[in-house]
Amino acid sequence: MTTAPVPVSPGLRAKRTRGALRTLGFLSPWLVGFGVFFAYPLISTVYFSFMEYDGFTAPRWVGLKNWAYVLQDNPFFWPALRNTLWLVLVMVTCRVAFGLGIGLLITKVKTGAGIFRTLFYLPYLAPPVAATMAFVFLLNPGTGPTNTILGTLGLGEPDWFNSATWSKPSLTLLALWGIGDLMVIFMASLLDVPREQYEAAELDGASAWQRFRYVTLPNISPIVLFAVITGVIATMQYYTEPLVAAKVASGVIGGSGQQFEPGYPDKSTLTVPQVVYNLGFQRFDTGAACVVALVLFVLAMIFTGFLMRRRSGFMGTED
């Protein structure tokens, strides 16, 4: 036996329509922003990745030619991808661990905590170009004070940004120098951990490591997850610091007519965003640049999706 549908009165239908239009009106700023700044650029990037396009003449369909060129023939793509993945795995891990450690240290300081906060936060405020140039000069193997001090102490004197072995660790040190943003975020989350949980753990005889493992970490795990995901996304877009460091270390700081090979030394500071810029704005090969941009987008989505699926490792077993 079937039940006849209940007729909807015109007044109720009009009310539902007004409600839908009102909701759409509230959503319209987000919808416009999503369409203009995300959906349209993404669709255009996919479209141009199959086109031969220099930004001036009409695009011409070439199928998978751009993909074959980037994945097989471009000499910069794979070194840049390896460097970017290295930075994601090492730099993000070191930044999160160091930022959390500094935050823990300052929250335990009884006297002069404000001074320490200021000292650790100030480098983060320095403009990226100026900070990178200063850091490269400090680590200059010939004239920098860092190697002078290491030599006085009888320690090794690395070539830092002039060595393919030390260039990425040097960029990691630069990132740790500007750790003020993560330090402040972790300090705020650490100060929000309930004191009674620490007191209960101490009464149960928990050691300092056990209090950190079973009290501190579960309470700040959402902040750790946030720091890791935002760090991965930012490192995937790492452009200014490695480019400036390579130029300063190689002696090509600026000026017309100077030739510069990206990634000095030996492509060790080359990152994927540099390849996108080189192809799109220096070689005017928009199709190949779109291919590299899509690869970068997919990798960022994979990393973010993996971290979100593994969020129980950061946030405990409960949803």
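Keep in mind it's a predicted model, so treat the numbers as computed, not measured. (Residues numbered from 1 in each chain as written. Predicted model: local features only at pLDDT ≥ 70, side-chain atom pairs only at ≥ 80, totals over all residues. Heavy atoms only, no water.)

> Help me understand a nonpolar patch on the surface in this model?
Taken together, L21, L24, L27, W30, L31, F34, F38, F297, V298, M301 and I302 make up a surface patch of nonpolar side chains, about 1100 Å² in accessible area. Among the elements of the structure, α1 (10–48) and α13 (286–309) are those that each provide at least two residues to the nonpolar patch. Considering every element that reaches the nonpolar patch, the biggest residue donor is α1, with seven residues. Relative to the helices and strands, V298 resides in helix α13. (Patch = residues over 30% accessible without salt bridge, like charges linked within 9 Å, V, L, I, M, F, W, Y side chains within 5 Å. Areas by Shrake-Rupley, 256 points an atom, 1.4 Å probe, with all protein chains shown as cover. Salt bridge = Lys/Arg side-chain N within 4 Å of Asp/Glu carboxyl O. Helix = DSSP H or I, 4+ residues; strand = E, 2+ residues; numbered from the N terminus.)

> Sorry if this is basic, but what is going on with the pattern of salt bridges here?
Side chains that carry opposite charge are capable of pairing whenever their charged atoms lie near each other. Counted by the stated rule, this structure contains three salt bridges. Residue K65 pairs with E52 through a salt bridge whose shortest N-O separation is 3.9 Å. With a gap of 13 residues between them, K65 in helix α2 (residues 65–73) and E52 in strand β1 (residues 51–52) connect regions that are remote in the sequence. In this structure, the salt-bridge partner of R95 is D181, at a minimum N-O distance of 3.1 Å. Pair noted here: R95 is in helix α3 (residues 77–108) and D181 is in helix α8 (residues 180–191), with a separation of 86 residues, a long-range link. When its relative accessible area of 17% is taken as the criterion, R95 is described as buried. Via salt bridges that share partners, E52, R60 and K65 belong to a single interconnected network. (Buried < 20%, exposed > 50% of the residue type's maximum accessible area, 1.4 Å probe, protein only.)

> When you look at the packing of aromatic side chains in this model, what are you seeing that I'm missing?
Centre-to-centre distance and the angle between the planes together describe a pair of aromatic rings. Following the criterion strictly, the structure yields 15 aromatic pairs and no others. Centroid distance F38 to F297: 6.3 Å. Interplanar angle 55°. Geometry classified as tilted. Placement of F38 in helix α1 and of F297 in helix α13 is noted, with a sequence separation of 259 residues between them. Between W160 and W166, the ring centres sit 5.3 Å apart and the planes meet at 65°, which makes this aromatic pair edge-to-face. Judged by relative accessible area, which is 7%, W160 ranks as buried. An aromatic cluster is built from W30, F34, F38 and F297, whose rings are joined through pairwise contacts. Lying across the ring of Y198, K108 places its NZ or CZ 5.6 Å from the centre. R213 extends its terminal NZ or CZ atom over the ring of Y214, reaching a point 5.1 Å from the ring centre. (Phe/Tyr/Trp six-rings, centres within 6.5 Å; stacked < 30°, edge-to-face > 60°. Lys NZ or Arg CZ within 6 Å of the ring centre and 35° of its normal.)

> Is there a simple way to explain the environment of P123 in this structure?
Secondary-structure assignment places P123 in helix α4 (residues 113–125). Judged by its relative accessible area of 14%, P123 is buried. Taking the C-alpha atoms as reference, P123 lies 6.6 Å from W177; in sequence the two are 54 residues apart. Discounting chain neighbours no more than four positions away, the residues touching P123 are W177 and G178. (Contact = heavy atoms within 4.5 Å.)

> How do you make sense of the nonpolar core when you look at a structure like this?
The nonpolar side chains of soluble globular proteins are, as a tendency, buried together. Formed by 40 residues in total, the largest nonpolar core has its most connected members in V96, F186, V232, M236, V275 and V292. Those elements that place two or more of their residues in this core are α3, α8, α9 (195–203), α10 (208–236), α12 (272–282) and α13. With 10 residues, the top contributor of residues to this core is α10. Beyond its immediate chain neighbours, meaning those up to four positions away, V232 contacts V88, V92, F303 and L307. With 16 residues, the next largest nonpolar core counts M91, L139, W160 and L171 among its residues. (Core = buried A, V, L, I, M, F, W, Y, C linked by side-chain atoms within 4.5 Å.)

These results come straight from atomic positions and should not be treated as a statement about function.
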